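A structural walkthrough
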Amino acid sequence: MGATLTMPAGRALRAQLSSDDIVKRGLMLVISLYLLVALAAPLYVLLSKSVSTYQFDLTAFEIQRSDDTGLNFGAPKTVEALNLETGAIAPEELETSSDGRLAVTGLFKDFSFRSPVKYRVRGTTEGAAFLVGSDLHRGTEWVELDSNTFRRVVLRPVSSFGLDNFSAYFSTPSLAQSISNSVLMGVISTVLVISIAFALAYALNRSHMRFKGLFKLILAIPILVPSLLPGIALVYLFGNQGLLKDLMMGYSIYGPIGIVIGSVFFTLPHALIIISTALAIADARHYEAATSLRATKWRTFWTVTVPGARYGIISAAFVVFTMVITDFGLPKVIGGQYNMLAVDIYKQVIGQQNFEMGAVVSVILLIPAVAAFFVDRAIQKKQVALLSARSVPYQPKPNTRFDWLCFTYCAVVAVFILTMIGVCQLAATVKFWPYDLTPSLKNFHFDLMDGGGWAAYYNSIEMALLTAFFGTIIVFTGAYMVEKSDGFKAGRTLFQFLAMLPMAVPGMVLGLAYIFFFNSPANPLNPIYGTMAILVVCTVTHFYTVSHLTALTALKQMDREFEPVAASLKQPFHKLFFRVTVPVCLPAILDISIYLFVNAMTTVSAVVFLYSTHTQLASVAVLNMDDAGDIAPAAAMGMMIFYTNIAARLIHALVSRALLGRTQAWRNR
Amino acid sequence: MHRSLYQTPGNSIMKKSASLVLAAFVASLSASAAFAETNLTVYTAVEAVDLDRYKAEFEKAYPDIKINWVRDSTGVMTAKLLAEKDNPQADVVWGLAATSLLLLKGEGMLEAYAPAGVEKLDPRFVDTTTPPTWTGMDAYVAAICFNTVEAGKLGIPAPKSWKDLTEPEYKGHVVMPNPNSSGTGFLDVSAWLQMFGEKDAWAFMDGLHENISAYTHSGSKPCKMAGAGETVIGVSFEFPGAKAKSAGAPIEIIFPEEGSGWEAEATAIIAGTANLEAAKKLVDFSVSKEANEMYNVGYAVLAYPGIAKPVDNLPPNVADHMIKNDFEWAANNRKAILTEWAKRYDSKSEPKT
């Protein structure tokens, strides 16, 4: 009877999911799904492609040989058996690529193409394929051939899986050389850029020099142009017909020198922004302490200033190193015979149609980029707040000599940047460099050149606008769901990881992964291949991380109490989102959209495998026109991208001002 | 009801003309329905400037078929076609290197078809199997672009033969396309191997390598570099040479005396196309005399014999310089040649500083 007195076991206690939570999780799921489809799945397919190998399967073919009458055939033997007798085909010849062809006449010692002997060839499996001349034969049907035709027989390989592609890669000296070349260029450029950028950041933050605003504008210019443009500028400045050729003292600009100078140009603003942020804040008490300890300026610099900025420097170094080794446009234009990994991918895929080897190089390029990414993450965690509540912000004191020194230094760097842009402008607007220097707009007649013409330029603008619009929505919504939802920790951690991953994936690798993934007929998303949509998806994904971090920073500034308050007032979260969150974060949202726009205009590496005839892009047109030798029109198109980005920046500044005046008035109480 | 009050004569005229327009529209609709217009997706690597002209000429001859061009450089186009092997997007390839088409043929991607009038073509421009899988349009022929102004400054004489290019006076003044990324580069190398024999050809290339200042990724770039004075000698082909000369480049186009390698631009139907009848009509047109006259605007050597008119800045006898080119041998040995080339010359290209 006692049993009936006990209460029935209740349901396990569980936090109730409100409909808001379900919507939030749903949205987060949708954006996670986006990242899985646009990033994780293509990378997985790329990895599997890199281990897909091709071999000649000698057991898959049989050959029969007749006597001199051409009538009586002997017993069929497999090619394997024939090879055991003669050893004509060495084991290392069996490893090949999808394009491989293996001649078989060597299997018959006394083979003569004039003899009346006849041969019969067939596969032993349905999949076995061989060519007679260029005609494909497949299957187990016997094919009878005279001696003269038999010498045109070549076997085709079958595909399987293994690490042979990697061993083939490392045993090809020219390919393996690219690894050390890329690393060397990365290291030299990084050291140079960090030194130059540090001095610039120091001058901008710790001096009283004049025209700081102007210098900041000029130093940001390289962000607005594709990385190909400095390459073109260097050809015009230091090439064989270059204006300043004599400065090269006989060395060629095509090669490591050009790559390093160009890399310094296009990575400088990125390093400058990071180091500048690190130098902008400093605790004056440290400097007071140094002064009272009678430390020299030099010693103070090394014991206070540099350590204070060390995390910024390390972070900048990794960013620059990754940018240099993964950039494709610059070494393509100015690299000459100096092989770099990113160009190898292009050569393998476009030049030799060897997709498997392209995938192998991609995987190799992925390794240092991913390593740099994780080291940087580990270091970032060590970063502690430099400014505590008690610290006193450091204020530089005027010092005429030092300020002039800073000014001169900044002016030199600014002149370098302006010269590079200026020479492109000049070359774009003369008739035939260097033989006919009459001003002309002939080089802007893009429709007469390869590369897509003016349509490519308009496509680029369309693509950049779509990327900015959809990218901002996806990134900001994703960041909001991660930052402002409760529970579901595993999902949020996974999402955060996926959002950080694009930073470590070179554009070229992403582009190649997209071909493999989206071009497969089995993929239901196959129809977007070759459309504007795939370019937008690729570009948003490629630049996801920085946008995501910007959005997160803005969202973190908002108190988490907003959500509970809204909930207690029984306000649905979307109302809070559109009425409070979005307006408050508007500056960040506008920054994300201009960042995506500018990068979509200049990106080459991510989209070079993905554009189609109807979706050619201006940045790719620069590449293709330079490739075809039309360097002046390439410079002209590069300048069009530059003008467009300046215009976009101006519009962004005006719109920001108008909108912020309305939505951010609360900040200035 | 009061609407009729506003009915003015003008209004009724408008109504009448509107119905006329409508009738015309309906008529044109039914007319085009009778034609049953076919859209052909055509992959090509011909020069961008020629596309509209080719399309207009073809659609004039066959008004019920519309061409949708998909254009890119030879390497990209070949890569794209091979990548789409299991799911071809193209109906026809019109204007791609014959060597590339042979690669596709080896994958079983081409539909054999003997177009009407194929027997009139120069046999060198038709696939050897019957029925052929590809038919040629025109040829581009290897040539040397020689900048006379820069050569004058340096006091270098013009080369007459390929072998001249190995002379020490040309050291650092020769640019050629990298055969691993350029079809033109490959046609040069395969022609040298066919002309000189394997041993001598590699010895020649060893010597040439000593004089090369850069291997470019594109076949026309060496000539344009010579035109701009970036190099003195560009190993390239005749077409960009003539173009650069017209644009004002101080260059001479030299056909070496041993003979020149060449490549046919060709047409083929992609196997499994849903528009086979329309595709056949396009191939019929591509080998016609009219089409060949159309190719003659830029190309000096045509598949249709006897009708070629000289092209500006090119000698009338370009075709005489062409060697006997074995496309099949080139395609089947392509991988081995490229591997050997890369082994010899790519690994050497380390920094010289």
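Cut-off values and rules
- Residues numbered from 1 in each chain as written.
- Chains lettered and ligands numbered in written order.
- Predicted model: local features only at pLDDT ≥ 70, side-chain atom pairs only at ≥ 80, totals over all residues.
- Helix = DSSP H or I, 4+ residues; strand = E, 2+ residues; numbered from the N terminus.
- Buried ≥ 20, exposed ≤ 12 C-beta atoms within 10 Å, placed from the backbone.
- Contact = placed C-beta atoms within 7 Å.
- Axes fitted to C-alpha atoms, helices over the stretch in contact; angles between N-to-C directions.
- Parallel < 35°, antiparallel > 145°, perpendicular 65-115°, else oblique.
- Left-handed = near helix turned anticlockwise from the far one by under 90°.
- Nonpolar A, V, L, I, M, F, W, Y, C, P; charged D, E, K, R; others polar.
- pLDDT = per-residue confidence, 0-100.
- Pairing = 2+ DSSP bridges.
- Domains from an automatic or database assignment.
- Right-handed = clockwise from strand over helix to strand, strands pointing away.
- Arc of directions from axis to C-beta.

The subject of this paragraph is the overall build of chain B. Scanning chain B for helices and strands turns up 12 helices and 11 strands. Within chain B, buried positions represent 50% of all 353 residues. Counting contacts in chain B only where the partners sit at least 6 residues apart, residues at least 24 apart contribute 74% of the total.

With that settled, the discussion passes to the overall build of chain A. Tallying secondary structure elements over chain A gives 26 helices and 13 strands in all. Expressed as lengths along the three principal axes of its C-alpha atoms, the size of chain A is roughly 105 × 105 × 55 Å. Buried residues in chain A amount to 46% of all 669 residues. Counting contacts in chain A only where the partners sit at least 6 residues apart, residues at least 24 apart contribute 79% of the total.

A word on the packing of helix α6 (residues 173–206) of chain A against helix α16 (residues 400–428) of chain A. Residue and element names in this part refer to chain A. Running from N to C, α6 and α16 point in directions that differ by 130°, and their axes come no closer than 10 Å. The angle between the axes of α6 and α16 places the two elements in the oblique class. The crossing of α6 and α16 is left-handed. Counted together, Ile196, Ala199, Leu200 and Ala203 of α6 and Cys406, Tyr409, Cys410 and Val413 of α16 form the full contact between these two elements. The class makeup of the residues in the contact of α6 with α16 is eight nonpolar, no polar and no charged.

Next up on the list: the confidence of the model for chain B. For any part of a model where pLDDT is low, the fine detail of the predicted coordinates should not be relied upon. All names here are of chain B. In the predicted model, chain B carries a mean pLDDT of 86, and 88% of its residues have values of at least 70. Residue range residues 1–16 is modelled with pLDDT below 50. Its contacts to residues more than four positions away, or to other chains, number one contact. In the model, residues 27–34 has pLDDT below 50 throughout and makes one contact with residues more than four positions away in sequence or in other chains. For this predicted complex, the interface confidence score (ipTM) comes to 0.73, while the overall pTM stands at 0.82.

To continue, consider the interface of chain A and chain B. Listed per partner, the contact involves 49 residues of chain A and 51 residues of chain B. Contributions of two or more residues to the side of chain A that touches chain B are made by β8 (135–138), α6, α9 (256–280) and α14 (341–351) of chain A. The greatest single-element share of the side of chain A that touches chain B, amounting to four residues, is contributed by α14 of chain A. For the side of chain A that touches chain B, the residue count by class is 21 nonpolar, 20 polar and eight charged.

Glancing now at unusual backbone geometry. When glycine is set aside, most residues are seen to have a negative phi, and most peptide bonds are trans. Following threonine 130 of chain B, the chain continues into proline 131 of chain B via a peptide bond in cis, with omega recorded as -10°. Note on placement: proline 131 of chain B falls in the loop between β4 (110–111) and β5 (134–147). The residue phenylalanine 211 of chain A is not glycine, and still its phi comes out positive at about 60°. Tracing the chain through its elements places phenylalanine 211 of chain A in the loop between α6 and α7 (212–219). For phenylalanine 211 of chain A, a count of 13 C-beta atoms within 10 Å gives the class partly exposed. One non-glycine residue, arginine 294 of chain A, lies in the positive phi region at around 60°. Relative to the assigned elements, arginine 294 of chain A resides in the loop between α10 (284–292) and α11 (297–308). Looking at arginine 294 of chain A, the number of C-beta atoms within 10 Å reads 7, which means it is exposed.

Our next topic: the pairing of strand β8 (residues 233–237) of chain B. All names here are of chain B. Among the five residues that make up β8, five are buried, leaving the element largely enclosed by the rest of the structure. Neither face of β8 is left uncovered, since the one carrying Ile233, Val235 and Phe237 and the one carrying Gly234 and Ser236 both have all their residues buried. Examined bridge by bridge, β5 and β8 share five bridges and lie antiparallel to one another. Across the sheet, the residue bridging to phenylalanine 146 is isoleucine 233, located in β8. Examined bridge by bridge, strand β6 (residues 174–177) and β8 share two bridges and lie parallel to one another. Across the sheet, valine 175 pairs through a bridge with glycine 234, a residue of β8.

This paragraph deals with helix α3 (residues 74–83) of chain B. In terms of burial, α3 of chain B is a largely internal element, seven of the 10 residues being buried. For α3 of chain B, the full list of buried residues reads Thr74, Gly75, Met77, Thr78, Ala79, Lys80 and Leu81 of chain B. Along its buried surface, α3 of chain B packs onto α14 of chain A together with β1 (38–44), β3 (92–97), α4 (98–106) and α6 (183–196) of chain B.

For the rest of this paragraph, the subject is the domain arrangement of chain A. Residues and elements named next belong to chain A. Domain assignment breaks chain A into domain 1 (19–49 + 451–667), domain 2 (53–161) and domain 3 (173–428). Counting from both sides, the interface comprises 31 residues of domain 1 and, opposite them, 32 residues of domain 3. At the level of secondary structure, the elements contributing two or more residues to the side of domain 1 that touches domain 3 comprise α2 (19–50), α19 (507–518), α24 (586–602), α25 (618–627) and α26 (631–663). In terms of residues, the side of domain 1 that touches domain 3 owes the most to one element, α26, which gives 11 residues. Among the residues making up the side of domain 1 that touches domain 3, the classes are represented as 23 nonpolar, six polar and two charged.

Once that is clear, we can look at the sheet that holds strand β3 (residues 77–78) of chain A. Taken together, the four strands give an open sheet; going across it, the order is β3-β2-β6-β9 (chain A), and neighbouring strands pair in antiparallel fashion. Looking along the sheet, the strands with just one partner apiece sit at the ends: β3 and β9 (143–146) of chain A.

Okay, the environment of threonine 429 of chain A next. With respect to the element layout, threonine 429 of chain A can be found in the loop between α16 and β12 (430–432). The spacing of threonine 429 of chain A and aspartate 403 of chain A is 26 residues in sequence and 38 Å in space, taken between C-alpha atoms.

Our focus in this paragraph is the domain arrangement of chain B. Residue and element names in this part refer to chain B. Domain parsing of chain B yields domain 1 (38–139 + 262–315) and domain 2 (141–261 + 331–346). The C-alpha centroid of domain 2 is placed 27 Å from the C-alpha centroid of domain 1. When residues of the side of domain 1 that touches domain 2 are traced back to their parent elements, those giving at least two are α3, α4 and β10 (262–270). In terms of residue count, α4 provides more of the side of domain 1 that touches domain 2 than any other element does, four residues in total. Residue composition of the side of domain 1 that touches domain 2, grouped by class: 10 nonpolar, six polar and two charged.

Further remarks concern the confidence of the model for chain A. For chain A, per-residue confidence averages 87 on the pLDDT scale, and residues scoring 70 or more make up 96% of the total. Looking over chain A, one finds the lowest element-wise mean pLDDT in helix α1 (residues 2–5) of chain A, namely 52, and the highest in helix α20 (residues 532–542) of chain A, namely 95.

A few words now on the pairing of β1 of chain B. Residue and element names in this part refer to chain B. Sheet topology note: the β1/strand β2 (residues 65–71) ladder contains seven bridges and is parallel. What sits directly across from threonine 38, in β2, is isoleucine 65. Traced from β1 through helix α2 (residues 51–61) to β2, the parallel crossover comes out right-handed. Note that β1 and β3 share two bridges and pair parallel. Paired with valine 42 across the strands is valine 92, a residue of β3.

Attention now goes to the sheet that holds strand β10 (residues 153–155) of chain A. Pairing is antiparallel across the open sheet formed by four strands, whose spatial order is β5-β10-β7-β8 (chain A). The sheet terminates laterally at β5 (102–103) and β8 of chain A, the two strands that pair on one side only.

Residue and element names in this part refer to chain A. Where helix α8 (residues 228–238) meets α9, the axes come as close as 9 Å, and the angle between the chain directions of the two elements is 130°. Looking at the two axes, α8 sits oblique to α9. In the crossing of α8 with α9, the sense of the turn from one axis to the other is right-handed. Of the residues in α9, those in contact with Pro230, Gly231 and Leu234 of α8 are Gly258, Ile261, Gly262, Phe265 and Phe266. Within the contact of α8 with α9, the residues separate by chemical class into five nonpolar, three polar and no charged.

All names here are of chain B. With respect to the secondary-structure elements, threonine 44 resides in strand β1. Classification of threonine 44 by C-beta neighbours within 10 Å gives buried; the count is 25. Separated by 49 residues in the primary sequence, threonine 44 and valine 93 place their C-alpha atoms 5.9 Å from one another. Setting aside chain neighbours within four positions, we find threonine 44 in contact with Trp69, Arg71, Trp94, Gly95 and Leu96.

All names here are of chain A. When α7 is considered as a whole, its buried residues turn out to be Phe215, Ile218 and Leu219. The buried residues of α7 all sit within an arc of 95° when viewed along its axis, so they share a single face. Opposite its buried face, α7 presents the exposed residues Gly213 and Leu217, each directed more than 90 degrees away. Contacts from the buried residues of α7 go to α6, α9 and α16.

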